Each structure stands twice: as C-alpha cells, then as structure tokens.
Amino acid sequence: VQLQASGGGLVQAGGSLRLSCAASGSLFSISYMGWYRQAPGKQRELVAQITGGGSTVYGDSVKGRFTISRDNAKNTVYLQMNSLKPEDTAVYYCAQFLGDWAKPRAWGQGTQVTVSS
C-alpha cells in the first residue's frame, strides 16, 4: 500500500488549508486513517483519526478547528484545517491502520504546512 499526501503550503494565520491523502491498494474502506504532525525539534503528535465507520478523534490543540473526513469511493482521507495558527506549522503525515492504532500499515511521505503570523 502507498499513501500520497498533498495540499500543504504557506498560509497566513487565520487561513485554511485542506490536506488530502490518497491510498493505493485494498481494504481502504475498513481501514483506520490518521493525520499526525511533527514540528522541528518536537515529537510527532496526533492531529486526527477516523475509523472505517467514521468515528473521529482529535488532538486537543486542533479540536474545533480541524475536521477529518474520508471518501471511500476515492480511497482518500482529508484534513480540513481552519483558523490556522503559527503553532500549526509542521510536516503533516497520514497513516493507515488495520484495526490496531498501535500498528501502522503504512505512512505517507509528509506534506509541509507553514503558517505565517
């Protein structure tokens, strides 16, 4: 399986971006998908997760601003990011899991998001 993340870029504080992660291979509709981010000098952290049934979990720092969604017909998961802050600046990664959040099946290559103040 391969994951291709896209949609990153440079945006001013208060702006919006939508990230996409397209998955190849099978089992997408039943897989769990997650977005994670890593800023320079910091550990990777959870941004959002979505199960095959559509249940979602968000990191505390993005609740109310970011929305994760999926389109199983397109094998794609999205991350809509609104009200962006400079502290959201990071490389964003998508990942796929098959029923166990502790065992990623695959990681995407990462897409840079930079929020200017």
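Please refer to the structure higher up on the page.
These numbers were taken from a predicted model, which means no experiment stands behind them.

**Looking at the nonpolar core**
- Core analysis: the largest hydrophobic core is formed by 28 residues, its most contacted members being Trp35, Val47, Phe66, Ile68, Leu79, Met81 and Tyr92.
- Considering each element in turn, this core owes the most residues, four residues, to strand β3 (residues 17-23).
- Non-local contacts of methionine 81, meaning those with residues more than four positions away in its chain, are made with Gly15, Ser16, Leu17, Leu19, Arg65, Phe66, Tyr92 and Val113.

**Brief notes about the packing of aromatic side chains**
- Across all of its chains, the model carries four aromatic pairs by this definition.
- Ring centres of tyrosine 32 and tryptophan 101 lie 4.7 Å apart, and the angle between their planes is 35°; on these two criteria the pair is classed as tilted. With tyrosine 32 in strand β4 (residues 32-38) and tryptophan 101 in the loop between β9 (90-97) and β10 (104-107), this residue pair connects regions lying 69 residues apart in the sequence.
- Residue tyrosine 32 is classed as partly exposed on the basis of its relative accessible area of 22%.
- Counting every residue linked through ring pairs, the aromatic cluster contains Tyr32, Tyr36, Phe97, Trp101 and Trp107.
- Taking NZ or CZ as reference, arginine 44 lies 5.7 Å from the ring centre of tyrosine 93, over its face.
- The ring of phenylalanine 28 carries the charged tip of arginine 70 above its face, separated from the ring centre by 4.7 Å.

Quick notes on the rules
- Residues numbered from 1 in each chain as written.
- Predicted model: local features only at pLDDT ≥ 70, side-chain atom pairs only at ≥ 80, totals over all residues.
- Heavy atoms only, no water.
- Core = buried A, V, L, I, M, F, W, Y, C linked by side-chain atoms within 4.5 Å.
- Buried < 20%, exposed > 50% of the residue type's maximum accessible area, 1.4 Å probe, protein only.
- Helix = DSSP H or I, 4+ residues; strand = E, 2+ residues; numbered from the N terminus.
- Contact = heavy atoms within 4.5 Å.
- Phe/Tyr/Trp six-rings, centres within 6.5 Å; stacked < 30°, edge-to-face > 60°.
- Lys NZ or Arg CZ within 6 Å of the ring centre and 35° of its normal.

Function-wise, these values are silent; they only describe arrangement.
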